[in-house]
Structure formats: C-alpha cells, structure tokens
Amino acid sequence: MFGFGGADGAGPGRGRFEPAPGAVLLPGWLDAAAQRRLVAACRAWARPPAGMHTVRMPTGGMMSVRMVGLGLHWYPYGYRRVAEDGAPVKPFPPELGALARRAVAEAYGAAVGGIAGAAGYAPDIAIVNHYPHGARMGLHQDRDERADAPVVSLSLGDSCVFRLGNTETRTRPWTDLELRSGDLLVFGGPARFAYHGVTRTLPGTADPALGLTGRLNITVRQSGL
C-alpha cells in the first residue's frame, strides 16, 4: 500500500554518530519524499478502528503522547491483538519491516553480526507516537518484547531532545541528542535495554511541506511473541 523507499544517508553536516555502544544515529536517513510518504501512512494508521489513542497508566495518569500499534497493541505493560476500542489491531506493514531491516543493516554495517538479533532481524510490530506541542516521554526501558533484537526509531516533524541513559537506573549518566525529521536511531546490543525518553519537543522546527503539527516517532521492534 505504501512505499517507504528514499533513505539517502546522513544529511549535510551531520554525520554518523554512536552515542553509546550498540546505539547508532544516522541523521537525515529519510529524504523529504520518504518522510512525506511515512506521514501519509501514519495518518491512515491513526484512523479508527484501532486508531490513535491516549494511554492511561496504571497510576491513573494519562500519557501526553498519543499512539497507535501495528501488528500488536501495546498497553502498560504488554501486548495484545485487540486495540483500545476493541477492534483488531492493524497489521504490521511489510514495507515498514523492509525499511527497518535496511535501517539495521546500514546502522551496523560490517559489525551487524556482533549485535544480538541484528543479522536475522525480523521486525513484526511497530508503535507510532504523536507528540503534540508540550508532550514528553519519561525515561523508560523497552522490556515488553521477548526478544533482544534492536529497536528502530524514525523521527518525523518537529525536532526533539531525546535522552539516552544507561541500562541500570533512570539517573545519570545519559546523553541528550537532538533528533530531527528524517533521522534514524537504532539501539541494540549493549544499548538495547537502556533507559530513554523525550524531555521536550521543539515546536516550529518541522518542514511545513510535511503538513504536520508536532512530532511523529515510529519505533519498529521484533516482539519475540
């Protein structure tokens, strides 16, 4: 249904960066056309049934981001096949899987064999998060999957400050990264279970041609389920 080709390597002046062992940032990995196609796809995925929704945490609070799952529905803290509205979850798009496999291959290159789950990466689920202005994501670990394969993260729209922490606690040490539209971040190996989150978005930094308010983040994973 959707073609997501168009990854064109790092943007001008922003080269490959490894903020931690197993974590790779490829700035500008998605070109403008690929970004527009992904935004259009996200709009389709967001529509009901099984559309974008706000998540209530076990504490009773509501997350400031809105999300939609593909392949499986994420809830605190696990996965199921039925979405918040009781409808079956939308299927995981094969094109998105192909894009994620290429992302892992290009992120790790010749070192792909040394990263757990990277050489045979078989993603089957995705979570699309929409960050309206003022939204954030607290530091957390992605531990609801039963696989240690890498997580692929694609950024669209407004830039954000992404905090990549350590695997033990939510406290320092951590590294703050500015993620911009089109950037690819892959974290696996020693960084797979690092605490991470978004401390803030930077309103007004998106390309107006995307027609997007706020930030979209697509994370692709291998569930192991």
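Report follows, based on the coordinates. (Residues numbered from 1 in each chain as written. Predicted model: local features only at pLDDT ≥ 70, side-chain atom pairs only at ≥ 80, totals over all residues. Heavy atoms only, no water.)

## Focus on the overall build of the chain
Moving on, step 1. For the chain, the helix and strand inventory stands at 2 helices and 14 strands.
Moving on, step 2. Taking 2.2 N^0.38 as the reference for a compact globule, 225 residues should give roughly 17 Å; the C-alpha atoms of the chain span a radius of gyration of 16 Å, in line with that estimate.
Moving on, step 3. Reported as C-alpha extents along the three principal axes, the dimensions of the chain are approximately 45 × 40 × 35 Å.
Moving on, step 4. Residues counted as buried form 53% of the 225 residues belonging to the chain.
Moving on, step 5. Accessible area of the chain: about 9,800 Å², with a carbon and sulfur share of 55%.
Moving on, step 6. Measuring between centres, the 24 positive side-chain charges of the chain sit 4 Å from its 18 negative side-chain charges. (Helix = DSSP H or I, 4+ residues; strand = E, 2+ residues; numbered from the N terminus. Rg over C-alpha atoms; globule rule 2.2 N^0.38 Å. Buried < 20%, exposed > 50% of the residue type's maximum accessible area, 1.4 Å probe, protein only. Areas by Shrake-Rupley, 256 points an atom, 1.4 Å probe, with all protein chains shown as cover. Lys, Arg positive; Asp, Glu negative; His and termini not counted. Charge placed at Lys NZ, Arg CZ, Asp CG, Glu CD.)

## Some words on the pairing of strand β13 (residues 196–202)
Moving on, step 1. Note: strand β8 (residues 137–140) against β13, 2 bridges, orientation antiparallel. From the neighbouring strand, His140 faces β13, where its bridge partner is His196. (Pairing = 2+ DSSP bridges.)

## As for unusual backbone geometry
Moving on, step 1. Omega for the peptide link from Pro48 to Pro49 comes to 0 degrees, which places this bond in the cis form.
Moving on, step 2. Topologically, Pro49 is positioned in the loop between α1 (32–46) and β3 (53–56).
Moving on, step 3. Going from Pro76 to Tyr77, the amide bond is cis rather than trans, its omega being 5 degrees.
Moving on, step 4. Considering the arrangement of structural elements, one finds Tyr77 in the loop between β5 (73–75) and β6 (78–80).
Moving on, step 5. With phi around 55 degrees, Ala50 is a residue other than glycine that occupies positive phi space.

## What about helix α2 (residues 94–108)?
Moving on, step 1. Between its first and last C-alpha, α2 extends 22 Å over 15 residues, near the 21 Å set by a 1.5 Å rise per residue.
Moving on, step 2. Listing the buried residues of α2 in full gives Leu96, Gly97, Leu99, Ala100, Ala103, Val104, Ala107 and Tyr108. Down the axis of α2, the smallest arc covering the buried residues is 160 degrees, so these residues share one side.
Moving on, step 3. After α2 finishes, the residue Gly109 shows a positive phi value of roughly 55 degrees. (Expected span 1.5 Å × (residues − 1). Arc of directions from axis to C-beta.)

These figures capture arrangement, not role.
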